[in-house]
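# Structural overview
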Amino acid sequence: MDVAKLLQQHVDLMDDMFKEGLLDEQFNQLQQLQDESNPNFLEEVVSLFFEDSQRILENMTETIGKDPIDYKVIDSQVHQFKGSSSSIGAQRVKNVCVTFRTCCDKEDKKGCQDALEDVGEEYNLIKKKLETMLELEKQIVAIGGTLPFMEGC
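Now for a quick tour of the structure. As the structure is a computational prediction, the values presented were derived from the model and not from experiment. (Residues numbered from 1 in each chain as written. Predicted model: local features only at pLDDT ≥ 70, side-chain atom pairs only at ≥ 80, totals over all residues. Heavy atoms only, no water.)

### Let's talk about unusual backbone geometry
Going from D67 to P68, the amide bond is cis rather than trans, its omega being 5 degrees. Locating P68 in the fold gives a position in the loop between helix 3 (41–65) and helix 4 (71–88). Positive phi values are uncommon outside glycine, yet E107 reaches one of about 50 degrees. Residue position: E107 is located in the loop between helix 5 (91–105) and helix 6 (109–142). Classification of E107 as exposed rests on a relative accessible area of 55%. (Helix = DSSP H or I, 4+ residues; strand = E, 2+ residues; numbered from the N terminus. Buried < 20%, exposed > 50% of the residue type's maximum accessible area, 1.4 Å probe, protein only.)

The following block contains the structure:
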């Protein structure tokens, strides 16, 4: 595939993630931090987000599986996940975390269980799309292209 087609796929994917509310301006700011001196910055940040998210989701699942649920613990875990999601601009994950925390405050077991499912679905969706984005970026660079947000660096 040629660079132009890969670049267009990348642009389309990014546009879709913003239009769908998956990402917010924070993600753009992270992209701006990537340059020739740190060409893998975004990939490293996103990979750390994936690792942290997986650990936090496992911890939340374990906490919600206990009887009785320790709502202070689950709220702390959700707060951590919300912060992590906000830091990379995963807007819909962050928004579901806000709802999740409300359920924790109300000590609403069913609401927490539903919110955990929702946050997992939103996380899996953004993870899949970000993995696709990173793969496109690798392909673009591998065939000599320049990523749009790195032009002029």
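Let's pick the thread back up.
### Observations regarding the pattern of salt bridges
Summed over the entire model, instances satisfying the criterion amount to 8 salt bridges. A salt bridge links R55 to D52, with the nearest nitrogen and oxygen atoms 3.8 Å apart. Separated by 3 residues within a single helix, R55 and D52 lie in helix 3, roughly one turn from each other. The class of D52 is partly exposed, set by a relative accessible area of 31%. A salt bridge links K110 to D114; the shortest N-O distance between them is 2.8 Å. With K110 and D114 both in helix 6 and 4 residues apart, the pair spans about one turn of that helix. Judged by relative accessible area, which is 51%, K110 ranks as exposed. (Salt bridge = Lys/Arg side-chain N within 4 Å of Asp/Glu carboxyl O.)

### Some words on the packing of aromatic side chains
Going through the model one piece at a time under the given rule, you end up with 4 aromatic pairs. Of note, K127 hangs over the ring of F50, and the distance from its end group to the ring centre comes to 5.3 Å. (Phe/Tyr/Trp six-rings, centres within 6.5 Å; stacked < 30°, edge-to-face > 60°. Lys NZ or Arg CZ within 6 Å of the ring centre and 35° of its normal.)

### What about helix 4?
Taking 1.5 Å per residue as the helical rise, helix 4 with its 18 residues ought to reach 26 Å, and the 26 Å between its terminal C-alpha atoms agrees with that figure. When helix 4 is considered as a whole, its buried residues turn out to be Y71, I74, D75, Q77, V78, F81, S84, S85 and I88. Of the surrounding elements, those touching the buried residues of helix 4 are helix 2 (25–32), helix 3, helix 5 and helix 6. In this structure D70 caps helix 4, since a side-chain oxygen of it lies 3.2 Å from the backbone nitrogen of K72. (Expected span 1.5 Å × (residues − 1). Contact = heavy atoms within 4.5 Å. Polar contact = N/O pair within 3.5 Å; in protein donor to acceptor, adjacent residues only side chain to side chain.)

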